[in-house]
Amino acid sequence: MLITDIGEIVGADIHRGWLRTERSTGLITAMGTMDSCPLPDGGEEVINAEGGLALPSFCDSHTHIVYAGSRHGEFLDKINGLSYEEIARRGGGILNSADLLARTSESELFRQSMARADEVMSKGTGCIEIKSGYGLTLPDEMKILRVIARIAEASPMHVRATFLGAHAVGRAYAGRQQDYVDHVVRDMIPAVAAEGLADFVDVFCDEGFFTPRQTAEILEAAARYGLRPKIHANELAESGGVETGIAHNALSVDHLERATDTQLKALSRSKTIATMLPGASFFLGMPYAPARKALEMGCRVALASDYNPGSSPSGDMRFIWALGCIRMKLTPRQALRCVTAMGAAAMACEDMYGTLAPGYAANIIITRPVPALEYIPYAYNTPFIAHTILSGVRV
C-alpha cells in the first residue's frame, strides 16, 4: 500500500509526506517527503490522504472488555450518590458482573465482547490489552481468557491478555479472603499458565480489595510461571500497590489517582510505567492522576481507557487523549505519545507498535484534513478518521 499526500507523519517529523506498507509482513517499509514519492507498483493499493495526518493507531494498555451485559443499574446508584466503594460493599460492582458472566455461555460472551473489540477498533485502537477478572472462579476465569484468545484470532488488532483473578474475592469465598488468595496461587495461576492463556498477571491492590502482602504472594507465584505483573494501585486510597509493583518489577502500575510525590519519584527511578486512566476519573468523579507532574518528575506515563462496565464504560481512546489534555494538562503531542508509544510500552510491544517508522507494524490512522494535530483533542467529538489501517490492511 502507498499512502500519498500526508499532511504530517506524526512523530517522524515529515510534513507533506508519503508512506509505504507491505501487506505480506504487515510492516511499514519506507516513508519520505512528497518530492521523493515513488510511483505505485503494479496493482498496489494507493490512498491519497488529501492532506490528512498519519498517526499511529492507539495502544490501549488497560481494558476489561470481556464481560456480560452491563451495569447500567449502578449508573443510577452513582447518580443518587453512592460511591464505587459503597456499591462494592453492598455486593454489587465486580461481583454483579461475575454473577452475570457465570450465567453466560462462552459463545455469547465472545459475541458481546467481539462487538466491543470491533467498536474500539473503529475508533482507532490497533493494539489492546484485555484482562480477565469478571469470573472469580477457575472455570469462569478460564472462560474469559479463552474468549480473549478468540478475539486475538478474529481481530486484526494486536491483543495482549492479562489474568486478573484477584480482581475481587469470589462470592464462594466471602469472609475468607486469604483462602481465595490461596486458591488464586494454588489453582488458578498454574491452570492459566498450563494453557498459555495470559501474558501478564494483575492484582487489584487497593483499599477494600487485596493487601500489599497478598499482592506480593500472588505476584511471586505468577513469576514462577513467567507472568509479569501489571498492578491496579491507588485508585481508592494510598494502597501500597505502587511500592509492591516496583519491588516485583511490574511492567506498569495502573490508576494512580491518589499517587504521592514520593511514589512518583520512586516510579521515575524504576522501569515501571505509570499508567493513568482518566476515563474512570471522568465517569466516577474521582481526582485525575497527576500525569503532568509525573512527566516532569521523569516518569514514563501511559494513558489507557479502562473500558469496563462499572467505572469506565467507553474505549474511545481519542476521548482519553482529549482528557489527557483538558483535565491532566498535557500538551496534545505529549498526550498522544501516552496513548500510542507509551501504551505499547505498557504492553511490552513498543518495538512494533505505537510509532510510525520503517520496521514497525503498519497500524495507522489517516485523519480527515484538519487544521492541526491540536484540533483532534480540541474538537474531541468531531469525527476525525478517514482510514484505519492495521497490519498494512485497510479495515
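Refer to the structure presented above.
Residues numbered from 1 in each chain as written. Predicted model: local features only at pLDDT ≥ 70, side-chain atom pairs only at ≥ 80, totals over all residues. Heavy atoms only, no water.

(A) A look at the nonpolar core. Counting residues in each nonpolar core, the largest one holds 96 residues, and the members touching the most others are Leu55, Met276 and Trp321. Contacts of Leu55, omitting those with residues within four sequence positions, involve Val10, Trp321, Leu336, Leu356, Asn363, Ile364, Ile365, Thr367, Leu373, Ile376 and Phe384. Core analysis: the second largest hydrophobic core is formed by 16 residues, Ile14, Leu19, Met31 and Leu356 among them. (Core = buried A, V, L, I, M, F, W, Y, C linked by side-chain atoms within 4.5 Å. Buried < 20%, exposed > 50% of the residue type's maximum accessible area, 1.4 Å probe, protein only. Contact = heavy atoms within 4.5 Å.)

(B) Seen up close, a nonpolar patch on the surface. A surface patch of nonpolar side chains, amounting to about 310 Å² of accessible area, comprises Phe75, Leu76 and Ile79. A residue is classified by how much of its surface remains accessible, and Ile79, at 57% relative accessible area, is exposed. (Patch = residues over 30% accessible without salt bridge, like charges linked within 9 Å, V, L, I, M, F, W, Y side chains within 5 Å. Areas by Shrake-Rupley, 256 points an atom, 1.4 Å probe, with all protein chains shown as cover. Salt bridge = Lys/Arg side-chain N within 4 Å of Asp/Glu carboxyl O.)

(C) Representation of the packing of aromatic side chains in the model. Within this structure, the stated rule accounts for nine aromatic pairs. Here Tyr67 and Tyr134 contribute two aromatic rings whose centre-to-centre distance is 6.4 Å and whose plane-to-plane angle is 75 degrees, an arrangement assigned as edge-to-face. Placement of Tyr67 in the loop between strand 6 (58–60) and helix 1 (72–79) and of Tyr134 in the loop between strand 7 (125–131) and helix 5 (138–154) is noted, with a sequence separation of 67 residues between them. Judged on exposure class, the residue Tyr67 and its partner Tyr134 are both buried. Plain terms: the ring middles of Tyr375 and Tyr378 are 5.9 Å apart, the flat faces sit at 55 degrees to each other, and that makes the pair tilted. Linking Tyr375 with Tyr378, this pair stays in helix 15 (residues 375–378), spanning three residues, or about one helical turn. Joined through ring pairs, the aromatic side chains of Tyr173, Tyr180 and Phe210 make up one cluster. Lying across the ring of Tyr67, Arg116 places its NZ or CZ 3.5 Å from the centre. (Phe/Tyr/Trp six-rings, centres within 6.5 Å; stacked < 30°, edge-to-face > 60°. Helix = DSSP H or I, 4+ residues; strand = E, 2+ residues; numbered from the N terminus. Lys NZ or Arg CZ within 6 Å of the ring centre and 35° of its normal.)

(D) Here's a closer look at unusual backbone geometry. Of note, the phi angle at Asp5 is positive, near 55 degrees, even though the residue is not glycine. Relative to the elements of secondary structure, Asp5 occurs in strand 1 (residues 2–9). Phi at His255 is positive, roughly 100 degrees, even though this residue is not glycine. Examined against the element boundaries, His255 turns out to sit in strand 11 (residues 252–255). On the accessibility criterion, His255 (1% relative accessible area) is buried.

(E) Up close: the environment of Ala216. Structurally, the position occupied by Ala216 is in helix 7 (residues 212–223). Taking the relative accessible area as the measure of exposure, Ala216 reaches 14% and is therefore buried. With 13 residues separating them in the primary sequence, Ala216 and Val203 have C-alpha atoms 9.2 Å apart. When sequence neighbours within four positions are dropped, the list of residues in contact with Ala216 reads Thr244 and His248.

(F) Main features of the state of the cysteines. This model, assessed by the stated rule, comprises zero disulfides. Free of any disulfide, Cys127 has its nearest neighbouring cysteine sulfur in Cys349, separated by 3.7 Å. Under the relative-accessibility criterion, Cys127 is labelled buried at 0%. (Disulfide = S-S within 2.5 Å.)

(G) Expanded view of the side chain of His62. Topologically, His62 is positioned in the loop between strand 6 and helix 1. Reaching out from His62, the side chain makes a polar contact with the side chain of His64 at a distance of 3.1 Å. Contacts of His62, omitting those with residues within four sequence positions, involve Glu129, Lys131, His232, Asp254, Leu277, Ala304, Ser305, Asp306 and Tyr307. (Polar contact = N/O pair within 3.5 Å; in protein donor to acceptor, adjacent residues only side chain to side chain.)

(H) Expanded view of the pattern of salt bridges. Counted by the stated rule, this structure contains 17 salt bridges. Close ionic contact of Glu8 with Arg333 constitutes a salt bridge, the shortest N to O distance being 3.1 Å. Here Glu8 is found in strand 1, whereas its partner Arg333 is found in helix 13 (residues 332–338), with 325 residues between them in sequence. Of the charged contacts in the structure, one is a salt bridge between Lys143 and Asp140, with a shortest N-O distance of 3.5 Å. A residue pair is termed a helical-turn pair when its members lie 3 or 4 positions apart in one helix, as Lys143 and Asp140 do in helix 5 at three residues. Taken individually, Lys143 and Asp140 each receive the classification buried, so the pair is uniform in this respect.

(I) Looking closely at the sheet that holds strand 6. One open sheet holds the eight strands; their spatial order is 6-7-8-9-10-11-12-13, and the pairing between them is parallel. Both outer strands of the open sheet, strand 6 and strand 13 (301–303), are each paired with one neighbouring strand and no more. Each neighbouring strand pair of the sheet contributes to a mean axis angle of 25 degrees, computed without reference to strand direction. Across three bridges, the pairing between strand 12 (residues 273–276) and strand 13 is parallel. (Pairing = 2+ DSSP bridges. Axes fitted to C-alpha atoms, helices over the stretch in contact; angles between N-to-C directions.)

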